[in-house]
Amino acid sequence: MTTTHFDYLIVGGGMVADTAARGIREIDADGSIGILSDDVDEPYTRPALSKKLWTDEEFTWDKVPLGTSDDTGADIRLQTRATAIRPDAHEVDADGDTFSYGKLLIATGGKPVPLPIEDHSNGERALTFRTAEDYRHLRALAKDVDRIAVVGGGYIGSELAAALVQNDVETVLIHTGSVLGDAVFPAALAERFEKLFRDAGVEIVSGSKVAGGEVDATGARLELENGDEVSADAVVSGLGIEVAVDLAEKAGLQVDDGVHVDAQLRTSADDVYAAGDVASYPDRLLGRRRVEHVDNANEQGRAAGRNLAGAAEPYTHTPYYYSAVFGIRYEAVGTLDSSLETVEDWIDTDRGVVYYLDDDRVVGVLLWNVEEARDAARAVLAEADTLTRDDLVGRIR
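Nothing here was measured: the structure is a model prediction, and the numbers come from that model.

1. Some points on the UniProt feature "domain: Mitochondrial apoptosis-inducing factor C-terminal" (unreviewed entry) in the protein
Moving on, step 1. Using the residue numbers shown here, the UniProt feature "domain: Mitochondrial apoptosis-inducing factor C-terminal" (unreviewed entry) corresponds to residues 304-346 and 349-382.
Moving on, step 2. Secondary structure content for residues 304-346 is 12% helix and 44% strand, and the end C-alpha separation is 38 Å.
Moving on, step 3. Secondary structure across residues 349-382 divides into 26% helix and 44% strand, with the first and last C-alpha atoms of the span separated by 28 Å.

Take a look at the structure:
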């Protein structure tokens, strides 16, 4: 066993690691940076895996890598899984080696939720979707097979279904709602959203989840909870992630729906920070939360990196999230929950704003094909205690 020291050590090799290394370099030009990643690729732009790489011919693979090592000098150890953190000793164990650190950032993200099926194809016809390798695998399948089932009606599932059908793959989308998007959109908007998929040729199987089934070299047979079956040549799970907090828990850090951090992204252990999907942080507008979207990864990663290097700055950014399918783009800030009361303000048939209210107080803003309005949405949330319903209509254009 060997021991290697880094002034700054990052556990996790995603977009947070990239922006954290850049944040460090904004303050410390020379400190050594180590990144332990269990991926096979250096940090890359993750949203492209379910969006532009499928739909924009000009967005080629060379635009995916972020150039972290070249730009920051970080020593990136690929296919290296951290197995233990010892905060008191300032050490991390990974694949038989020990890494010591001055400051540590936990950016472990999460693992995709697998399907409850028997896979006899050794992963060839059944896959989750999280990494660039997953993208390459699914892209190859899309060329080789006729019909692919996508499981999950959230961001990843809906984007993958749109991507596949636009690449001439017969696509079936299985989700648990009554209408696609009905957990987040008002009823009429959810109907419009689902129609985009049906009009494009996606077969939608709603109202039940996958309870079992099996996959082999010839295809997939999925058993639904309601007794129905769906067959396809392959299946991909877009069911979201399970947050990777095991390392933090075993290290004795405070964990509560993610690794608990303060406004400076510090954990309960000295010299240990957390950021990205894995971090539960105090949002200045919305209260404590954990956010699994790229804007938070980029902004929080940079803030964490700067703080590792001594900036001691609070993280004050309220992140937005977005999706893009079939030529529409929607963005949101705050909580989108269709069970809340809503105020809809449509500019025209294709563009509008939906405000989500809890006890008459705005807690979320949806921007449907409305560009350059994220700051205006944040301003609404910041002023939520003083705004009435009448104040909302016409406020964002």
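2. Comments concerning the packing of helix 1 (residues 15-27) against helix 8 (residues 294-308)
Moving on, step 1. Remark: helix 1 packs on helix 8, axes separated minimally by 6 Å, with the N-to-C direction vectors making an angle of 35°. You can see that helix 1 and helix 8 cross each other, and the crossing is right-handed. Along the contact surface, helix 1 presents Met-15, Val-16, Thr-19, Ala-20, Gly-23, Ile-24, Glu-26 and Ile-27, while helix 8 presents Val-294, Ala-297, Asn-298, Gly-301, Arg-302, Gly-305, Arg-306 and Leu-308.
Moving on, step 2. Looking at side-chain class alone, the contact of helix 1 with helix 8 contains eight nonpolar, five polar and three charged residues.

3. Let's talk about the pattern of salt bridges
Moving on, step 1. Here the structure, examined in full by the defined rule, presents 33 salt bridges.
Moving on, step 2. The partner of Asp-41 in a salt bridge is Arg-136, with the nearest N and O atoms 2.8 Å apart. Highlighted residues: Asp-41 in the loop between strand 2 (33-36) and helix 2 (52-55) and Arg-136 in helix 4 (residues 132-144), separated in sequence by 95 residues.
Moving on, step 3. For Arg-136, a relative accessible area of 29% gives the class partly exposed.
Moving on, step 4. The salt bridge involving Arg-221 is made with Glu-229; its shortest N-O contact spans 3.2 Å.

What counts as what
- Throughout this document, residue positions are counted from 1 along each chain, in the order its sequence is written.
- It should be noted that, the model being predicted, local features are given only for residues of pLDDT at least 70 and side-chain atom pairs only at 80 or more, the latter also being counted only at that level, while totals for whole chains, interfaces and linings use all residues.
- In computing side-chain values, all of the structure's heavy atoms are included and hydrogens and water are not.
- UniProt positions are given in the numbering used here, feature names are shortened, and annotations may be inferred rather than shown by experiment.
- Secondary structure elements are taken from DSSP: a helix is a run of H or I of four residues or more, a strand is a run of E of two residues or more, and numbering for both begins at the N terminus.
- For helices, the fitted axis covers only the stretch in contact; all axes are lines through C-alpha atoms, and the angles between them, taken along N-to-C directions, range from 0 to 180 degrees.
- The crossing is said to be left-handed when, going from far helix to near helix, the turn is anticlockwise and less than a right angle, and right-handed when the turn is clockwise.
- By the convention used here, residues are in contact when the closest approach between their heavy atoms is within 4.5 Å.
- The residue classification treats Ala, Val, Leu, Ile, Met, Phe, Trp, Tyr, Cys and Pro as nonpolar and Asp, Glu, Lys and Arg as charged. All others, Gly included, are polar.
- Think of a salt bridge as a Lys or Arg side-chain nitrogen and an Asp or Glu carboxyl oxygen that are within 4 Å of each other.
- Burial classes: relative accessible area under 20% of the type maximum marks a residue as buried, over 50% as exposed, and values in between as partly exposed (1.4 Å probe, protein chains only).

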